[in-house]
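Okay, here's what each chain looks like letter by letter:
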Amino acid sequence: MTRLALVALLLSPAVAAAKPAYKQTLAGHMGPYLPARVNDCRLCHVPGDTGPHEAKPRNAFGERLEEVRGELKAAGKPTDIAARFATVADEDTDGDGASNLLEVLTGHLPDDAKDKPSAEELKAAEKTLAKYKRFLASYPWRPFEPVRRPDVPKAGDGWALNPIDRFIADGHREQELTPRPDADKATLLRRVHLDLTGLPPTSEEVAAFLKDESPTAYEKVVDGLLASERYGERWGRHWMDVWRYSDWAGWTDGNSVRDSQPHVWRWRDWIVESLNADKGYDRMAVEMLAGDEVAPDDPQTLRATGYLARNFKSSREKWLTDVVDHTFLAFQGITLGCARCHDHFYDPVKQSEYYRVRAVFEPHRVRLDPWGGEKDTKKDGLARAYDEVPAPPTYLYERGDERNPDTSKPLDPGVPAFLKVPFPEAKPGAKESTGRRLAFARWLTDPKNPLTARVAANHIWMRHFGQPLVPSPADFGANGRRPVHPALLDWLAAEFVERKWSMKHLHRLIVTSRAYRMASTPDPKNAAADRDNLYFWRVAPRRLEAEAVRDQLLFVAGKLDLTTGGPDLDHAKGLTIYRRSLYFR
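Residues numbered from 1 in each chain as written. Predicted model: local features only at pLDDT ≥ 70, side-chain atom pairs only at ≥ 80, totals over all residues. Heavy atoms only, no water.

Caption draft 1: Examining the nonpolar core more closely. In this structure, Trp239, Trp243, Phe361, Trp461 and Leu492 are the most contacted members of the largest nonpolar core, which totals 110 residues. Discounting residues that sit within four places of it in the chain, tryptophan 239 has contacts with Leu275, Tyr281, Ala456, His459, Ile460 and Met503. In this structure, Tyr33, Leu65, Ile81 and Val104 belong to the second largest nonpolar core, which totals 22 residues. (Core = buried A, V, L, I, M, F, W, Y, C linked by side-chain atoms within 4.5 Å. Buried < 20%, exposed > 50% of the residue type's maximum accessible area, 1.4 Å probe, protein only. Contact = heavy atoms within 4.5 Å.)

What follows is the structure in structure tokens.
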């Protein structure tokens, strides 16, 4: 084939790349009503093998979708795949007598007249179609738009105890599910103790709760658990997983640190203390990302920058890649790292924007400062971040290869534009501060940021119910999975921000809901309709993690040492040192 012919073929309107993003967008548009058989490239493209750099030609249905793109664009309307599919839904592309929508709902291809749904399938599709239309009219999942507080549904009279239950009851009504009765008091007490402190109730606490018949007996228990030092240890362990806490690793004899930093345990203690004090989630994020810029002379705040010290790697490239990628995974639920080598396939993130975020962190380094009266940082010290270089250049790496930087275009610090929250001006502070990380932290915790509160609320919900509202907690983008309860998550996120980012408030709201108090017992009818308990008709049983199991065994034996804080302990001594598992490296 000549070069001219190849160019003509690639420009032909009958050929286009089958884009994974289209599949994901259509799956999000149709939700649970898109059968697996048609969630496939064959829906729009001619089947068959093509070369690695060849595009798949469109079939008749794909051609029609492409025609509609031009029609919608000319009319000034959205042209995404969902909008185009909605436009042609009632058409019959292959002329077999069944609309495109009915063919897709029944798992048949709308471009193939031979692949026609049966009369029985079409009859069954009537009920599915009604549910699908209600699904389209339901509260939309728009994670990249600002959080707004949705109206609380009116469902759940006689059952609901707080707004959470109204949202859950609305799902029960739609799916014709019957919620399980309340768990017995002993089961509920054990559940909430383990959730909030990681330790079971004592026999005396069980007896007292069973005896207390006052209407606020349970609420008093919840308040006591949230006030306990054990709460910060339990939830500190959860957040340490999200923020990738790790004690240092290296080659001791060679005095070489490969990962994290010595004495990073001070960050762990800061996390536990901050949670116990109910420090706002927004303030915690600011201090972790820029504690040295917001309080440069306060060693207690500087401990928080262990978040950045933990990401240290002997390779500077790997170090900065981890900081950028995991900061967005943890706080924004975006796979920003996918834009390191090219524009993001699924979300509207440009490759240049990835490197603008990198520019935020480019100046920073980590070091060990003396702590207290100890001058030898090998014995004790503070692992902290600081800005070493005032204005280091950041370049885009062609195809993500650090050996090929585009030095013709230095990039300023910035953030993805599609989130529509302006990046604040970076104002250099005292010595060793460019102001870049503080500006980024302010951007991250701006109430207008659409993702920060949603992602945090989803993490908290997940650890109370064993399953998150957004099934992909580190990916709120188009390649993630749509939540079944988007309105509930938005309501929780709005409540979180309005209550000054108080995690204890969110915990209390969740564990005092009727949804949380339900039994875990099975129900065959409910299980047939919702086997995965997506609509929370019961509290699903779940396994305790190994660390909590160990702590429980020691606790019930009366051996657990409840001393808080301090240096990391040798994990090999876990059978002879009876501290909580949180403190072992």
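Caption draft 2: How the structure looks around the layout of surface pockets. Space inside the second largest pocket adds up to approximately 450 Å³. For the second largest pocket, the lining is made up of 18 residues, of which Asp195, Ala540, Arg542, Arg543 and Leu544 are closest to its centre. Mapped onto the lining of the second largest pocket, the elements with two or more residues apiece are helix H8 (185-197), helix H11 (229-242) and helix H19 (452-465). Among the elements that line the lining of the second largest pocket, the one with the most residues is H8, at five residues. (1 Å grid on protein atoms, 1.4 Å probe; cavity = no way out; pocket = protein on both sides within 12 Å on 5 of 7 lines; lining within 4 Å. Points joined across faces, edges and corners; volume = space filled by probe spheres on them. Helix = DSSP H or I, 4+ residues; strand = E, 2+ residues; numbered from the N terminus.)

Caption draft 3: Just a nonpolar patch on the surface, in detail. A cluster of nonpolar residues, Leu544, Val549 and Leu553, forms a patch on the protein surface that exposes about 240 Å² of accessible area. Assignment of secondary structure puts leucine 544 in the loop between helix H23 (524-529) and helix H24 (546-556). Residue leucine 544 is classed as partly exposed on the basis of its relative accessible area, which comes to 30%. (Patch = residues over 30% accessible without salt bridge, like charges linked within 9 Å, V, L, I, M, F, W, Y side chains within 5 Å. Areas by Shrake-Rupley, 256 points an atom, 1.4 Å probe, with all protein chains shown as cover. Salt bridge = Lys/Arg side-chain N within 4 Å of Asp/Glu carboxyl O.)

Caption draft 4: Quick look at the packing of aromatic side chains. The full count for this structure, using the stated rule, is 27 aromatic pairs. When the centroid spacing of 5.4 Å and the interplanar angle of 65° are considered together, the rings of tyrosine 355 and tyrosine 397 count as edge-to-face. Here tyrosine 397 lies in the loop between strand S6 (382-387) and helix H18 (436-444) and tyrosine 355 lies in helix H17 (residues 351-361), a separation of 42 residues in the sequence. The buried category is assigned to tyrosine 355, whose relative accessible area is 0%. Measuring from ring centre to ring centre gives 5.5 Å for phenylalanine 496 and tryptophan 501, while their planes differ by 65°; the resulting arrangement is edge-to-face. (Phe/Tyr/Trp six-rings, centres within 6.5 Å; stacked < 30°, edge-to-face > 60°.)

Caption draft 5: Layout of the pattern of salt bridges. Throughout the structure, instances matching the rule amount to 51 salt bridges. When the shortest N-O distance is used, the salt bridge between glutamate 287 and arginine 283 registers 2.8 Å. In this pair, glutamate 287 and arginine 283 are both assigned in helix H13 (residues 281-294), four residues apart and thus about one turn of the helix distant. Residue classification places arginine 283 among the partly exposed residues on the basis of a relative accessible area of 32%. Two residues, aspartate 401 and arginine 403, come together in a salt bridge whose shortest N-O distance is 2.8 Å. The class for aspartate 401 is buried, based on a relative accessible area of 18%. One network of salt bridges, with partners in common, ties together Glu229, Arg230, Glu233, Arg550, Asp551 and Arg580.

Caption draft 6: Main features of the side chain of aspartate 115. With respect to the helices and strands, aspartate 115 occurs in the loop between helix H5 (100-105) and helix H6 (119-137). With sequence-adjacent residues up to four places away left out, aspartate 115 is seen in contact with Arg37, Asp96, Glu103, His108 and Leu109.

Caption draft 7: Structural context of empty space enclosed by the protein. Under the defined criterion, the tally for this structure stands at one cavity of 30 Å³ or more. One number sums up the size of the largest cavity: a volume of about 90 Å³. Taken together, the elements giving at least two residues each to the lining of the largest cavity come down to H11 and H24. The residue makeup of the lining of the largest cavity, split by class, is two nonpolar, one polar and seven charged. (Nonpolar A, V, L, I, M, F, W, Y, C, P; charged D, E, K, R; others polar.)

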